[in-house]
Amino acid sequence: MLPTHCPSCKHQLKVKSLVCEDCGTEVNGSYALPPLTLLSPEEQDFILTFVRKSGSLKDMAAHLKLSYPTVRNMLNDIIAKIDSYEK
Amino acid sequence: MKSNSWGNLLFNPFNRIAGWQAFFIGLGIVILSGIFGGLTNTWYTGLFDMSTGALPFWSGFMMLGIDIATIVVVMSLAALIVAKDFRIIDILGTMTLARAPMILLPLLELFLNADSAFHTSADPTSSPSVIILKILGYPIVLWHIVLIYNGLRTSANLNGAKLIVTAIITIVISEMLSQYLVKTAIANLVVPYI
């Protein structure tokens, strides 16, 4: 799992370096993590499944064996979280 | 998994069942409640109320209809104000299924026959059957309230203080309104035909 917060001060981390595994080139800078990476593994899994189910909450509910409003609430909570990251 | 536990099934089934599915299961239980109530002369004279006495069999279904319609309308109006995303069918389904524990009240009356104390005893409230019915009745009503609370949380995606305040206000209004409407309906639609 990608670390997203500083283990020392809990502040949100930034990407300092990216490397090409083929030629070894390193790109350095200070890049913000995409909002999706800041979500928990369960939430990321939810979004992946949601995309695979073509964005159908009904199919998601059947897949997760949960009620429609429960799945809709999970999605609404993730949307609220992403909105808060982007602010 | 936590949501599979008996506690969740009994107190928050709405994680798994909502909408039309909850409505039809709840409707089946409500119809049985009406039948048991009619057979035992036990009447739901408000959202959380129970009375005994001789009334026409069909009047129990009328009272149940009023009780459910009242809480669905009050909850839907509250959700319109405080929730940003909800479906009326989820409120209808969860509130109908939330009434399931109330089926136990006429069944208790069947075994305790508390109504007879009102005809035979000078002080029916001190009768053992009435006292036992009250002691066992309060946890059933509390169970109903917990289900209403969880139904509102799932249907309207409310949390924290907003959920608690909305639940308390809607439950109190629904209880008072349902009592008034049932009383009015009995006086105007039932009593003239007895």
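What counts, and at which threshold
Residues numbered from 1 in each chain as written. Chains lettered and ligands numbered in written order. Predicted model: local features only at pLDDT ≥ 70, side-chain atom pairs only at ≥ 80, totals over all residues. Helix = DSSP H or I, 4+ residues; strand = E, 2+ residues; numbered from the N terminus. Core = buried A, V, L, I, M, F, W, Y, C linked by C-beta atoms within 7 Å. Buried ≥ 20, exposed ≤ 12 C-beta atoms within 10 Å, placed from the backbone. Contact = placed C-beta atoms within 7 Å. pLDDT = per-residue confidence, 0-100. Nonpolar A, V, L, I, M, F, W, Y, C, P; charged D, E, K, R; others polar. Pairing = 2+ DSSP bridges. Axes fitted to C-alpha atoms, helices over the stretch in contact; angles between N-to-C directions. Parallel < 35°, antiparallel > 145°, perpendicular 65-115°, else oblique.

Undergrad: So, the environment of Pro128(B): which residues are in play, and what are the values?
TA: In this structure, Pro128(B) sits in helix H7 (residues 128-156). The sequence separation of Pro128(B) and Ala117(B) amounts to 11 residues, and the corresponding C-alpha distance is 9.0 Å.

Undergrad: Help me get a handle on the nonpolar core, residues and values and all.
TA: Residue and element names in this part refer to chain B. Core analysis: the largest hydrophobic core is formed by 45 residues, its most contacted members being Ile71, Met75, Met95, Ile148 and Leu152. When residues of this core are assigned to their parent elements, the largest contribution, 9 residues, is made by helix H3 (residues 59-82). Setting aside anything within four residues of it in sequence, one finds isoleucine 148 in contact with Ile71, Met95, Ala98 and Ile171.

Undergrad: Let's hear about the confidence of the model for chain B: which residues, and what values?
TA: In the predicted model, chain B carries a mean pLDDT of 91, and 96% of its residues have values of at least 70. Scored as a complex, the prediction yields pTM 0.86 and ipTM 0.82.

Undergrad: Could you give an account of unusual backbone geometry, with specific residues and numbers?
TA: Residue and element names in this part refer to chain A. One non-glycine residue, lysine 10, lies in the positive phi region at around 70°. Residue position: lysine 10 is located in the segment before strand E1 (14-19). The phi dihedral of serine 54 is positive, around 60°, even though this residue is not glycine. Mapped onto the secondary structure, serine 54 falls in the loop between helix H1 (41-52) and helix H2 (57-64). Look at serine 54 and you get exposed, because 8 C-beta atoms sit within 10 Å.

Undergrad: I'd like a rundown of the interface of chain A and chain B, residues and numbers included.
TA: Accessible area lost upon the coming together of the parts is a frequently used measure of interface size. In this complex, chain A contributes 9 residues to the contact, which on the side of chain B involves 11 residues. Considering only residue class, the side of chain A that touches chain B consists of 3 nonpolar, 4 polar and 2 charged.

Undergrad: Break down the pairing of strand E2 (residues 26-32) of chain A for me, with residues and values.
TA: All names here are of chain A. E2 sits mainly on the outside: 0 of its 7 residues count as buried. Relative to E2, E1 is paired through 5 bridges, and the arrangement is antiparallel. By the bridge assignment, valine 15 is partnered in E2 with tyrosine 31. Hairpin connection from E1 to E2: 6 residues lie between these consecutive antiparallel strands, with glycine 24 at a positive phi of about 85°.

Undergrad: An account of the packing of H2(A) against helix H3 (residues 68-86) of chain A is needed here, citing residue identities and associated values.
TA: Residues and elements named next belong to chain A. As a packed pair, H2 and H3 sit with axes 9 Å apart at the nearest point and diverge in direction by 110°. Accordingly, the angle class assigned to the pair H2 and H3 is roughly perpendicular. Touching Leu57, Lys58, Met60, Ala61 and Leu64 of H2 are Tyr68, Val71, Arg72 and Leu75, all from H3. Tallied by class, residues from the contact of H2 with H3 come to 7 nonpolar, no polar and 2 charged.

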